[in-house]
Amino acid sequence: MSNRHIIHLWGALRPFAGGALSISVEAFTIRELFRKLSELHPGMEPHIKRGVAVSIDGKIYRDQWETPLPPDAEIYLLPRVPGG
Amino acid sequence: MSVDSMNPDLVNKKFKIIGTRPPRPDGIDKVTGRARYGADFTMPGQLIGLVLRSPHAHALIEKIDTSKAEKLLGVKAVITSKDLPDLTGGDRGMFDILENCMARKKALYDGHAIAAVAAVDAATARKALKLIDVKYKVLPHVTDVDEALKPDSPVIHSHVFTEGIEPAPTKPSNWNKRAEYGHGDVDAGFREADVVISRSYKTEQTHQGYIEPHSVSASVSPDGMAEMWVCTQGHFVYRNQCATLLGLDANKLRVTASEIGGGFGGKTHVWAEPLALALSRKANRPVKLTMTRDEVFRCTGPTSSTSVDVKIGAKKDGTITAAYAELRYQGGAFPSNWAEFGAMTSWACYDLKNVKSVSKDAIVNRPKCAAYRAPSAPAAAFAIESTVDEVAKAIGMDPIDFRIKNAAKEGTKSSYGPVYGPIGIGPTLEAAKNHPHMKAPLGKNMGRGMACGFWFNFGGQTCVDVNITPDGNVNVAQGTIDVGGARAAIAMAVAEELGVAYENVRSVVADTSSLGHNDMTDGSRGTFSSSMAAVFAARNAITVLRNRAAKIWEIPVDEVEWKDGAAHAKGTHHGNRTPLSLKEIAAQAGNTGGPMAGHAEITADGAGVSFATHIADVETDPETGRSLVKRYTVIQDAGKALHPSYVEGQYQGGAAQGIGWALNEEYVYGKDGRLQNAGFLDYRIPVCSDLPFIDTQILEIANPHHPYGVRGVGETSIVPPLAALAIAVSNATGVRQTHLPMSPPRVLKSLKSK
């Protein structure tokens, strides 16, 4: 089973991927995704440490890094939004 | 325990307690004065702390001489930034918090803390402040967001280079970040349009306006043990931040939260707390530090002032073909992301083929901005919704039908990226269209406006303990601050699960030494996440109760079920036993295994986005420019209203704050960069006599990621009012209102330009 995903990047992350709007990464969980992003695009690591939200098929995860990335899922990386 | 393992989506309960309106547990204390707010704590040997603040908007601090103050009889400690060394380990965000709490080389805004004293009484502390000699070199300043972004603006931080632009800049500036969201081809979309309308908008800076000023009492012992009693939206986060800034172990700093007299995002940041701890550590005495109203305005987090350009293209059939916005927000004297969040929310209500939002975050010589209820969304919605209204009129379409035609729905690709699941914007619009308010006649000089709003909502780290008392009642310890009724809602959830009366359950906010970490009460997460944890903790308690009943009956636990507040034996062998009530099981706890409890520690993701539609009727006096709100209706999706009265209160509170933002409230800075109206006499929030009864309609479109279907409700209700009122005043006056607040002088000026 292929777990290669298209990961859509928000603007702040794109410079670290050569300006790409999205990149292809093979990962089974959010944790693995973040680890591979840090390895492949080291400039993203400080953002990941500060906090990145992951939208998987429209549901936004902020903290549950063990969450699986289903095949063919729509995945967006987004900034962690604060609240009032 | 993971949320998914609790299988929340399969719960299909018929509620007995959820959805009812029991009395609030803090009600009597609050109306009789028993409730203890931040300033109500007093400790033996307590000193009074006061802060010396910069009178300049931007200045180098050349020298601070505290020697005279230190010699004053009754002064026990004087601190400057030297007493708060940088322990942040390269974390720029934490360093900004440190620098905001106490200026280091420069004063960055009027009111920036320069030094602090602790003395035996307030009079001595005030005298000591006057004895501190500070030599400043005044620097050029900038307080306006658009001015700050100009190339010739005085640069506030030499280390800030704009993020998000290519090529990377080689010179520092006040433009700390650019971001972009959207999809499609907006240029092509505008070419398809029959009508294109562009407008520019401004909003002035507002404060959350909570009635209770910040107050903290801190006590640091020589052995490194510390305690802090504080008014906050997140005592665990305050603990963690203060421990980092002061070099304390988090477990040695015990923080107890007081009742909270309003926060709305303004009590999510530490301000005076590290100073109180540093003073206490230096004086070796407890220190109480309570801000004045002047200080609250000058140095705690207001929201951004903004400048927004919007362009919308539409076909005559009502289809929006392209939407563009550039949003410029100032975040105060430190780098921020507020404009970016505005860009994310700006077009979220709509299903758009071609959409683009560009954000520019700016640094100015104003206090560091804090979140304010759905932060950044209201100003964006003001600009977008006002233009949506104008486009609808330009093509001759009813604005509500225009919105319904273009509303986002399940499956829509949101303007900030993801595809929506089940959402409530369409139903709120339909409810607005069918609401009697929309059909009510308007009088002379009156106008009606309606607008939509969006907010993300989120969950986060949350703990709840459910403890069964020996007499068979229930104590709940929660870690999220109760800002809007969470204690009642959580007690209701536990009562619902256990099958006991609400009156038998008491929920309290536990201190930081009593529970695991809990995130801040923000992002409309308090009730959403804590009620989820409470349900799971109660279910775990039920497992314990079934085990204890099995022991009492001497039967296998899988032959015991829990229903209606009692253990029931089942099966042919034991089914005829009389059920054991919670009280009967509790009475035998000592010899069935000891204390009985249920716990839950969760990360409550899956909050579900939130939408609202508001309707406002306004009467504007053409001679004075004064606008009065005559009728107001809030329609919002709550997922499931645990306690409908609290939900209505959240809707009404957000609307009231939005009305103040739209009509009156603004920070007024002089040419010297100093705040001119740091008090409630000159910064006018709406009072009861300014407002009609705010009508509410709760929609319940269940959130599939909460065991009861709950969505957060605390923030979205502040998003639409700015636009709804601006459209209403525009309709009342015949002049499009593009600058908030619509104070009488500003409205009169607009009428003269008619």
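Residues numbered from 1 in each chain as written. Chains lettered and ligands numbered in written order. Predicted model: local features only at pLDDT ≥ 70, side-chain atom pairs only at ≥ 80, totals over all residues.

Novice: Account for the overall build of chain A, naming residues and giving values.
Specialist: Of regular secondary structure, chain A possesses two helices and five strands. Starting at the N terminus, the α and β elements of chain A follow one another as β-β-α-α-β-β-β. Relative to a compact globule of 84 residues, whose C-alpha radius of gyration would be 12 Å, chain A shows 12 Å and is just as compact. Projecting the C-alpha coordinates of chain A onto the three principal axes gives extents of approximately 40 × 30 × 20 Å. Taken across its 84 residues, chain A has 40% of its residues classed as buried. A separation of at least 24 residues holds for 51% of the contacts in chain A among residues at least 6 apart in sequence. (Helix = DSSP H or I, 4+ residues; strand = E, 2+ residues; numbered from the N terminus. Rg over C-alpha atoms; globule rule 2.2 N^0.38 Å. Buried ≥ 20, exposed ≤ 12 C-beta atoms within 10 Å, placed from the backbone. Contact = placed C-beta atoms within 7 Å.)

Novice: So what's going on with the sheet that holds strand β14 (residues 320-330) of chain B? Residues and values would help.
Specialist: All names here are of chain B. Strand order across the open sheet formed by six strands is β7-β15-β14-β13-β8-β27, with mixed pairing between neighbours. With partners counted over all chains shown, the strands left at the sheet margins are β7 (175-183) and β27 (739-740), one partner each. Here strand β8 (residues 195-203) runs beside β27; their pairing, made up of two bridges, is parallel. Directly across from T203, in β27, lies its bridge partner L740. Against the sheet, helix α10 (residues 338-346) engages β7, β14 and β15 (355-362), with an angle of about 165 degrees to β15. (Pairing = 2+ DSSP bridges. Axes fitted to C-alpha atoms, helices over the stretch in contact; angles between N-to-C directions.)

Novice: Quick one: what's the story with the packing of α10 of chain B against helix α11 (residues 377-394) of chain B, residue by residue and with numbers?
Specialist: Residues and elements named next belong to chain B. At a minimum axis separation of 8 Å, α10 and α11 run at an interaxial angle of 50 degrees. One finds that α10 runs oblique with respect to α11. In this structure, α10 crosses over α11, and the sense of that crossing is right-handed. Judged by residue contacts, G342, T345 and S346 of α10 engage A377, A379, A380 and I384 from α11. Here the residues of the contact of α10 with α11 sort into four nonpolar, three polar and no charged. (Parallel < 35°, antiparallel > 145°, perpendicular 65-115°, else oblique. Left-handed = near helix turned anticlockwise from the far one by under 90°. Nonpolar A, V, L, I, M, F, W, Y, C, P; charged D, E, K, R; others polar.)

Novice: How would you summarise the sheet that holds strand β2 (residues 59-65) of chain B if you had to cite specific residues and measurements?
Specialist: All names here are of chain B. As summarised here, the arrangement of the three strands in space is β4-β2-β6, forming an open sheet in which the pairing is antiparallel. In this open sheet, the two edge strands, each paired with only one partner strand, are β4 (106-107) and β6 (133-138). The pairing of β2 with β4 spans two bridges and is antiparallel. The partner of A59 across the bridge, within β4, is A107.

Novice: I'd like a rundown of the domain arrangement of chain B, residues and numbers included.
Specialist: Interface size is commonly expressed as the accessible area that is lost once the parts come together. All names here are of chain B. If you check the domain split of chain B, you get domain 1 (11-36 + 465-591), domain 2 (47-139 + 212-261 + 267-299) and domain 3 (306-457 + 608-752). Using only C-alpha atoms to locate each centre, domain 1 and domain 2 end up separated by 40 Å. Taken together, the contacts link 16 residues of domain 1 with 15 residues of domain 2. Classifying every residue of the side of domain 1 that touches domain 2 by side-chain character gives five nonpolar, six polar and five charged. (Domains from an automatic or database assignment.)

Novice: Please provide a residue-by-residue account of the environment of T733 of chain B, values included.
Specialist: Residues and elements named next belong to chain B. Mapping T733 onto the fold places it in helix α19 (residues 721-733). Each C-alpha atom of the pair T733 and Q241 lies 49 Å from the other, and the pair is 492 residues apart in sequence. If sequence neighbours within four positions are ignored, T733 has contacts with T620, V747 and L751.

Novice: Residues and numbers for the interface of chain A and chain B, please.
Specialist: The interface is formed by 20 residues belonging to chain A together with 35 residues belonging to chain B. Per-element accounting of the side of chain A that touches chain B gives the leading share, three residues, to strand β5 (residues 75-79) of chain A. Grouping the constituent residues of the side of chain A that touches chain B by class yields nine nonpolar, seven polar and four charged.

Novice: Explain the pairing of strand β1 (residues 47-53) of chain B residue by residue, including any values.
Specialist: All names here are of chain B. Of all seven residues making up β1, seven are buried, and the element is well covered by its neighbours. Because side chains alternate across β1, one face comprises the buried residues L47, G49, V51 and R53, and the other comprises I48, L50 and L52, equally buried. Sheet analysis places β1 next to strand β12 (residues 287-290), joined by three bridges and oriented parallel. Residue pairing in the sheet places L47 in a bridge with V287 of β12. Of the pairings in the sheet, the one linking β1 to strand β5 (residues 113-119) comprises six bridges and is antiparallel in character. If you follow R53 over to β5, its bridge partner there is A113.

Novice: Tell me about the environment of G184 of chain B, residues and numbers included.
Specialist: Residues and elements named next belong to chain B. Here G184 is to be found in the loop between β7 and α6 (186-192). On the basis of neighbour counts, which here come to 17 C-beta atoms within 10 Å, the residue G184 falls in the partly exposed class. Sequence spacing of G184 and P167 is 17 residues, and the spatial spacing of their C-alpha atoms is 24 Å. The contact partners of G184, leaving out residues within four places of it in the chain, are G189, K353, N354 and V355.

Novice: Break down the confidence of the model for chain B for me, with residues and values.
Specialist: When pLDDT drops low, the exact placement of atoms in the prediction is not to be read closely. All names here are of chain B. Per-residue pLDDT for chain B averages 96, and the proportion of residues at 70 or more is 98%. Low pLDDT (under 50) marks residues 1-11, which in the prediction has 12 contacts with non-local residues, meaning those over four places away or in another chain. Scored by ipTM, the complex comes to 0.92, with pTM at 0.96. (pLDDT = per-residue confidence, 0-100.)

Novice: I'd love a proper account of the packing of helix α7 (residues 235-246) of chain B against helix α8 (residues 273-283) of chain B, names of residues and values included.
Specialist: Residue and element names in this part refer to chain B. Between α7 and α8, the shortest axis-to-axis distance is 10 Å and the interhelical angle comes to 50 degrees. It follows from the interaxial angle that α7 and α8 lie oblique. The crossing of α7 and α8 is right-handed. Here Y238, C242, L245 and L246 of α7 come into contact with α8, specifically with E273, P274, L277 and A278. Of the residues belonging to the contact of α7 with α8, the class tally is seven nonpolar, no polar and one charged.

Novice: Pulling in residues and values, what's your account of unusual backbone geometry?
Specialist: Apart from glycine, the bulk of residues carry a negative phi angle, and the bulk of peptide bonds sit in the trans form. Residue and element names in this part refer to chain B. Cis geometry is adopted by the peptide bond preceding P167, which originates at E166 and carries an omega value of -5 degrees. Mapping P167 onto the fold places it in the loop between α5 (145-148) and β7. At the junction of L740 and P741, the peptide bond is cis and its omega measures out at 5 degrees in the coordinates. Secondary-structure assignment places P741 in the loop between β27 and α20 (744-752). The phi dihedral of F264 is positive, around 55 degrees, even though this residue is not glycine. Along the chain, F264 turns up in the loop between β11 (253-257) and α8.

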